Amino acid sequence: MARRYDPERRQRIIDAAIRVVGKKGLAGLTHRSVAAEADVPLGSTTYHFKTLDELMVAALRQANEGFAKVIAARGGLEDADADLASELAGWMGEWLAGDRTGVELEYELYLAALRRPALRPVAAEWAEDLAERISRRTDPVTARALVALMDGICLQVLLTGGSYDEESSREVLARVIPG
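Residues numbered from 1 in each chain as written. Predicted model: local features only at pLDDT ≥ 70, side-chain atom pairs only at ≥ 80, totals over all residues. Heavy atoms only, no water.

### Quick notes on helix H2 (residues 31-38)
Right, on to step 1. Listing the buried residues of H2 in full gives His31, Ser33, Val34, Ala35 and Ala38.
Right, on to step 2. The first or second residue beyond H2 is Asp39, which carries a positive phi of 60°. (Buried < 20%, exposed > 50% of the residue type's maximum accessible area, 1.4 Å probe, protein only. Helix = DSSP H or I, 4+ residues; strand = E, 2+ residues; numbered from the N terminus.)

Dropping the structure here:
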């Protein structure tokens, strides 16, 4: 029997893993659950991703692209005259205003790095990339502080189920930005 050429299979498996985590949480992520969600043979998931950690790394990397797309679409860091605190608060507002399931999924995978060392470098990439972008407008230490603050604000909004207050976030962020 000839092997079927399916160049999109790996991507479908990653997409399915993201959907499984969105529906069942990280505890529901297995090769079997992903294979069923992707409608592929179980062997395909283990062929492309030998371990669940490898699959989670790919899913986290793809999930991280969500916030990066918001940043790219809004711009703001290129304009030295734009209010940095307003830009950052706007980014968070846009990200949190979308489908919260995607944001929750991103944080679930991000926090999984606490227990799964294989995820730590990918989780760190997000923070490092954001800090590098922000440091174009401020010093590196302040940029890292802003990333930590933004992370905390987003996590609190998700944990409390509350609504995001862009103006309050702008004010808090502005207090960290020098002069």
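So, next bit.
### Remarks on the nonpolar core
Right, on to step 1. Within the largest apolar cluster, 58 residues are counted, with the highest numbers of intra-cluster contacts made by Leu29, Trp91, Leu130, Ile134 and Met150.
Right, on to step 2. At the level of secondary structure, the elements contributing two or more residues to this core comprise helix H1 (9-24), H2, helix H4 (52-74), helix H5 (84-97), helix H6 (100-112), helix H7 (120-134) and helix H8 (140-160).
Right, on to step 3. At ten residues, H4 tops the list of elements feeding residues into this core.
Right, on to step 4. In this structure, Met150 is in contact with Phe67, Leu88, Trp91, Met92, Leu130, Ile134 and Leu173, ignoring residues within four places of it in sequence. (Core = buried A, V, L, I, M, F, W, Y, C linked by side-chain atoms within 4.5 Å. Contact = heavy atoms within 4.5 Å.)

### Some thoughts on the packing of aromatic side chains
Right, on to step 1. Tallied over the entire structure, the rule returns three aromatic pairs.
Right, on to step 2. Between Tyr107 and Tyr110, the ring centres sit 5.7 Å apart and the planes meet at 90°, which makes this aromatic pair edge-to-face. You can see Tyr107 and its partner Tyr110 sitting in helix H6, three residues apart, about one turn around the helix.
Right, on to step 3. Of the residues examined, Tyr107 reaches a relative accessible area of 6% and is grouped as buried.
Right, on to step 4. With 5.7 Å between their ring centres and 70° between their planes, Tyr110 and Trp126 make a pair best called edge-to-face. (Phe/Tyr/Trp six-rings, centres within 6.5 Å; stacked < 30°, edge-to-face > 60°.)

### So, the environment of Arg32
Right, on to step 1. Tracing the sequence through the fold places Arg32 in helix H2.
Right, on to step 2. According to the relative accessible area criterion, Arg32 is exposed, its value standing at 60%.
Right, on to step 3. For the pair Arg32 and Thr45, spaced 13 residues apart in sequence, the C-alpha separation works out to 8.1 Å.

### Digging into empty space enclosed by the protein
Right, on to step 1. Evaluation of the coordinates by the stated rule reveals one cavity of 30 Å³ or more.
Right, on to step 2. The calculated volume of the largest cavity comes to roughly 50 Å³.
Right, on to step 3. Forming the walls of the largest cavity are Asn64, Trp95, Glu106, Tyr107, Tyr110, Trp126 and Asp151.
Right, on to step 4. No other element matches the three residues that H6 contributes to the lining of the largest cavity.
Right, on to step 5. Its residues assigned to classes, the lining of the largest cavity comprises four nonpolar, one polar and two charged. (1 Å grid on protein atoms, 1.4 Å probe; cavity = no way out; pocket = protein on both sides within 12 Å on 5 of 7 lines; lining within 4 Å. Points joined across faces, edges and corners; volume = space filled by probe spheres on them. Nonpolar A, V, L, I, M, F, W, Y, C, P; charged D, E, K, R; others polar.)

### With respect to the pattern of salt bridges
Right, on to step 1. The final tally for this structure, using the stated rule, is ten salt bridges.
Right, on to step 2. Among the salt bridges present, the one from Asp53 reaches Arg116, with a minimum N-O distance of 2.5 Å. Taken together, the residues span a long stretch of sequence, with Asp53 in helix H4 and Arg116 in the loop between H6 and H7 at a distance of 63 residues.
Right, on to step 3. A salt bridge links Arg170 to Glu167, with the nearest nitrogen and oxygen atoms 3.2 Å apart. (Salt bridge = Lys/Arg side-chain N within 4 Å of Asp/Glu carboxyl O.)

### Focus: the packing of H8 against helix H9 (residues 166-176)
Right, on to step 1. Where H8 contacts H9, the axes come no closer than 10 Å and their chain directions differ by 155°. Comparing the axis directions of H8 and H9 gives the class roughly antiparallel. Considering how the two elements wind past one another, H8 and H9 form a crossing that is right-handed. Here Thr142, Ala145, Leu146, Leu149, Met150 and Ile153 of H8 come into contact with H9, specifically with Ser169, Val172, Leu173 and Val176.
Right, on to step 2. Classifying every residue of the contact of H8 with H9 gives eight nonpolar, two polar and no charged. (Axes fitted to C-alpha atoms, helices over the stretch in contact; angles between N-to-C directions. Parallel < 35°, antiparallel > 145°, perpendicular 65-115°, else oblique. Left-handed = near helix turned anticlockwise from the far one by under 90°.)

### Focus: the packing of H5 against H9
Right, on to step 1. As a packed pair, H5 and H9 sit with axes 8 Å apart at the nearest point and diverge in direction by 140°. Our classification of the angle between H5 and H9 gives oblique. In the crossing of H5 with H9, the sense of the turn from one axis to the other is right-handed. Facing H5, whose interface residues are Ala85, Ser86, Leu88, Ala89, Gly90, Met92 and Gly93, H9 presents Glu166, Ser169, Arg170, Leu173 and Ala174.
Right, on to step 2. Classifying every residue of the contact of H5 with H9 by side-chain character gives six nonpolar, four polar and two charged.

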